[in-house]
Amino acid sequence: MSKTTRATLALQQAGVSFTVHSYDYDPNADRIGLQAAQAMGADPSIVLKTLMVLVDNKPACVILPSDQEVNLKKLAAILGGKAAQMMKPADAERITGYHVGGISPFGQKKRVPTVLEQSASEHAEVFINGGRRGLQVKLDPRAAAEVLGAKVAGVI
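What counts as what
Residues numbered from 1 in each chain as written. Predicted model: local features only at pLDDT ≥ 70, side-chain atom pairs only at ≥ 80, totals over all residues. Heavy atoms only, no water. Pairing = 2+ DSSP bridges. Helix = DSSP H or I, 4+ residues; strand = E, 2+ residues; numbered from the N terminus. Axes fitted to C-alpha atoms, helices over the stretch in contact; angles between N-to-C directions. Phe/Tyr/Trp six-rings, centres within 6.5 Å; stacked < 30°, edge-to-face > 60°. Lys NZ or Arg CZ within 6 Å of the ring centre and 35° of its normal. Buried < 20%, exposed > 50% of the residue type's maximum accessible area, 1.4 Å probe, protein only. Arc of directions from axis to C-beta. Contact = heavy atoms within 4.5 Å. Polar contact = N/O pair within 3.5 Å; in protein donor to acceptor, adjacent residues only side chain to side chain. UniProt positions renumbered as here; feature names shortened; annotations may be inferred. Core = buried A, V, L, I, M, F, W, Y, C linked by side-chain atoms within 4.5 Å.

The next thing to look at is the sheet that holds strand E1 (residues 19-22). Taken together, the three strands give an open sheet; going across it, the order is E1-E7-E6, and neighbouring strands pair in antiparallel fashion. Of all the strands in the sheet, just E1 and strand E6 (126-132) have a single pairing partner and so form its edges. Ignoring which end each strand starts from, the neighbouring axes of this sheet average 35° apart. Judged from the five bridges that link them, E6 and strand E7 (residues 135-139) form a sheet pairing that is antiparallel. For Asn 129, the partnering residue across the bridge sits in E7 and is Gln 136.

Structure below.
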């Protein structure tokens with residue numbers, strides 16, 4: 001499997017330091033982020049999941065620890081909206097250009113407002129999807145927020 005994706009290319013072009021990590025992706029897992037953490041032997045609090053949402057029917061991205069759930073009301077407020085809901089998988093794939101289970105916030109087809117859960121900043125490094133199922137990038141969460149232009153806020 002190639003370890004070069006639009007996500008890794010975007011990080012390279014931005015000059016962000018990262019490492020690439022592969023794992024055995026389980027398409028039948030109930031919670032993809034938790035399965036990734038287990039497969040890599042990593043604490044779920046540092047394996048972040050990328051979720052695509054709609055805030056007042058406009059696409060947005062939220063990144064949070066795989067063992068947490070997003071508070072959609074908080075997320076909507078942070079992005080200046082009234083309501084948020086999860087995006088349908090087919091729409092998430094169309095907007096990002098990635099397949100569900102391999103959606104990365106980096107190198108998406110269309111740049112959307114992004115929020116990074118503030119607890120991620122407590123760690124020196126975190127794992128975030130690298131743009132392919134079974135591929136994660138490990139990097140400083142502050143660098144991730146900077147390259148994404150993400151708001152860092154409490155969304156869990």
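From this point, things continue past the structure.
The pairing of strands in a sheet comes from backbone hydrogen bonds and takes either a parallel or an antiparallel form. Within the open sheet, the five strands sit side by side as E4-E2-E3-E5-E8. Their pairing is mixed. Two strands bound the open sheet, and with one partner strand each, they are strand E4 (84-86) and strand E8 (151-153). Sheet twist, expressed as the average angle between the axes of neighbouring strands with direction ignored, equals 35°. Sheet analysis places strand E5 (residues 114-117) next to E8, joined by three bridges and oriented parallel.

This part is about the packing of aromatic side chains. Within the structure shown, the criterion is met by zero aromatic pairs. Positioned above the aromatic ring of Tyr 98, the side-chain terminus of Arg 6 is 4.3 Å from the ring centre.

The next subject is unusual backbone geometry. Even without being a glycine, Asp 56 presents a positive backbone phi close to 50°. Within the secondary structure, Asp 56 is located in the loop between strand E2 (48-55) and strand E3 (58-65). Judged by relative accessible area, which is 36%, Asp 56 ranks as partly exposed. The backbone of Asn 57 sits at a positive phi, close to 65°, despite the residue not being glycine. Here Asn 57 is to be found in the loop between E2 and E3.

Time to look at helix H1 (residues 6-13). Listed as buried for H1 are Ala 7, Thr 8 and Leu 11. Mapping the buried residues of H1 onto a view down its axis gives an arc of 95°, with all of them on the same face. Opposite the buried face of H1, by more than 90 degrees, sit the exposed residues Gln 12 and Gln 13. Taken together, the buried residues of H1 touch E1, E6, E7 and helix H5 (141-148). Positive phi appears at Gly 15, one or two residues downstream of H1, with a value of about 75°.

Here Ser 66 shows up in the loop between E3 and helix H3 (72-78). Among the residues examined, Ser 66 registers a relative accessible area of 1% and is labelled buried. A polar contact is formed between the side chain of Ser 66 and the backbone oxygen of Pro 44, at a distance of 3.1 Å. The residues contacting Ser 66, other than those within four sequence positions of it, are Arg 31, Gly 33, Leu 34, Ala 37, Pro 44, Val 47, Leu 48 and Lys 49.

Time to look at the UniProt feature "domain: YbaK/aminoacyl-tRNA synthetase-associated" (unreviewed entry) in the protein chain. Under the feature "domain: YbaK/aminoacyl-tRNA synthetase-associated" (unreviewed entry), the UniProt entry names residues 34-142. Overall, residues 34-142 shows 22% helix and 32% strand. The separation of its end C-alpha atoms is 22 Å.

One finds Met 52, Phe 106, Ile 128 and Leu 139 to be the most contacted residues of the largest nonpolar core, which totals 33 residues. Of all the secondary structure elements, the ones that give two or more residues to this core are H1, helix H2 (32-40), E2, E3, helix H4 (89-96), E6, E7 and H5. Excluding residues within four positions of it along the chain, Ile 128 makes contact with Leu 48, Thr 50, Ile 63, Pro 105, Phe 106, Gln 136, Val 137, Leu 139 and Ala 144. In this structure, Leu 51, Val 62, Val 70 and Val 155 belong to the second largest nonpolar core, which totals 13 residues.

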